[in-house]
Amino acid sequence: MTESQQRNAIRFRLYYSLMDICLFFAALGLADWAVDIYADSEWPLWYSIVGFVTLVFNGFVPLFLMVASFMRDDYAEGLWKRSLVVMAYGAAVVPPILILGPWVLFFILGGDGSLRPEWFIAFEQAFYDTKVEPYMVVGKVWLTFMLLFVGVFQFLRWRDSR
């Protein structure tokens, strides 16, 4: 193997390793979101450091991996394209479901709201009544896109390996 081929092999393996690390931090971030025990003003230093590293591997490293075509071999390039196709389908289908689904459920549950379960009321309040700053919307959409890219890429990779 020539020196150039060795460098390419290292670069290609690094791409997959970074994807694996990003998936780990995506799981860590999801677990943290589900069990966050600290109020915003009470974060200890170690928690802030872990949060910063998690943000880097949930947002900025996937961004780099998304645009770093020089690090992808042919198989990773194919996975990249398939991942973006899956995400495009999701981007087309999920918003209408999130917008129309609650209305359909509202009318199925009686139309007057008396049969709505607590989880549905909480969803309605969060989805329709919450005022969110535009920069927060853009940030959350961006972070969600990055995490979905990693998740879909890794799922397709896992499925191909079976």
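Coordinates for the structure precede this section.
All residue numbers refer to position in the chain's written sequence, counted from 1. Per-residue local features of the predicted model are confined to residues with pLDDT of at least 70, and side-chain atom pairs are confined, for both listing and counting, to 80 or more; whole-chain, interface and lining totals are unaffected and use all residues. Each side-chain value is derived from all of the structure's non-hydrogen atoms; neither hydrogens nor water enter the calculation.

Q: Looking at this model, I keep getting lost on the packing of aromatic side chains. Mind explaining?
A: Geometrically, a pair of aromatic rings is defined through the distance of the ring centres and the angle of the planes. Side-chain rings of Phe, Tyr and Trp (the six-membered ring for Trp) are treated as a pair once their centres are within 6.5 Å; stacked means planes under 30 degrees apart, edge-to-face means over 60, and tilted covers the remaining angles. Scanning all chains against the criterion turns up 15 aromatic pairs. The interplanar angle of 55° and the centroid separation of 5.3 Å between the aromatic rings of F60 and W142 together place this pair among those described as tilted. Here W142 lies in helix 5 (residues 134-161) and F60 lies in helix 2 (residues 45-67), a separation of 82 residues in the sequence. Burial classification: accessible surface area is computed with a 1.4 Å probe over protein chains only, and a residue below 20% of its type maximum counts as buried, one above 50% as exposed, and the rest as partly exposed. Classification of F60 as partly exposed rests on a relative accessible area of 45%. You can call W142 partly exposed: its relative accessible area is 28%. Three or more aromatic residues link up through ring pairs in this structure, and these residues are W103, F107, F123, F127 and Y128. In this text, helices come from DSSP runs of H or I with a minimum length of four residues, and strands from runs of E with a minimum of two, each type numbered from the N-terminal end.

Q: Please clarify how the nonpolar core should be interpreted in this entry.
A: A general tendency of soluble globular proteins is for nonpolar side chains to be buried together. Among the nonpolar cores identified, the biggest contains 22 residues, and Y15, M19, L65, F149 and F153 are the most heavily contacted of them. Counting only elements with at least two residues in this core, the list comes to helix 1 (3-35), helix 2, helix 3 (74-108) and helix 5. Residues belong to one nonpolar core when they are buried, are Ala, Val, Leu, Ile, Met, Phe, Trp, Tyr or Cys, and are joined through side-chain atoms within 4.5 Å.

Q: Just to check I follow, could you spell out the pattern of salt bridges for this structure?
A: Pairing between side chains becomes possible if they bear opposite charge and their charged atoms approach one another. A pairing counts as a salt bridge when a side-chain nitrogen of Lys or Arg comes within 4 Å of a carboxyl oxygen of Asp or Glu. Counted according to the given criterion, the structure contains four salt bridges. Between R7 and E3 there is a salt bridge, with its nearest N and O atoms 3.2 Å apart. One end of the pair is R7 and the other is E3, both in helix 1 and four residues apart, which spans about a single turn. Salt-bridge contacts for D160 lead to R82; the nearest nitrogen and oxygen are separated by 2.7 Å. With D160 in helix 5 and R82 in helix 3, this residue pair connects regions lying 78 residues apart in the sequence.

Q: Explain the side chain of N58 here, please?
A: Counting through the fold element by element, N58 comes out in helix 2. Since its relative accessible area comes to 6%, N58 is described here as buried. One polar contact links the side chain of N58 to the main-chain amide nitrogen of A26, over a distance of 3.1 Å. The term polar contact refers here to a pair of N or O atoms within 3.5 Å; inside protein, the definition further demands a hydrogen-donor-capable atom paired with an acceptor-capable atom, and it admits residues adjacent in sequence only when both atoms are side-chain atoms.

Fair warning: the whole summary comes from geometry, so function is off the table for now.
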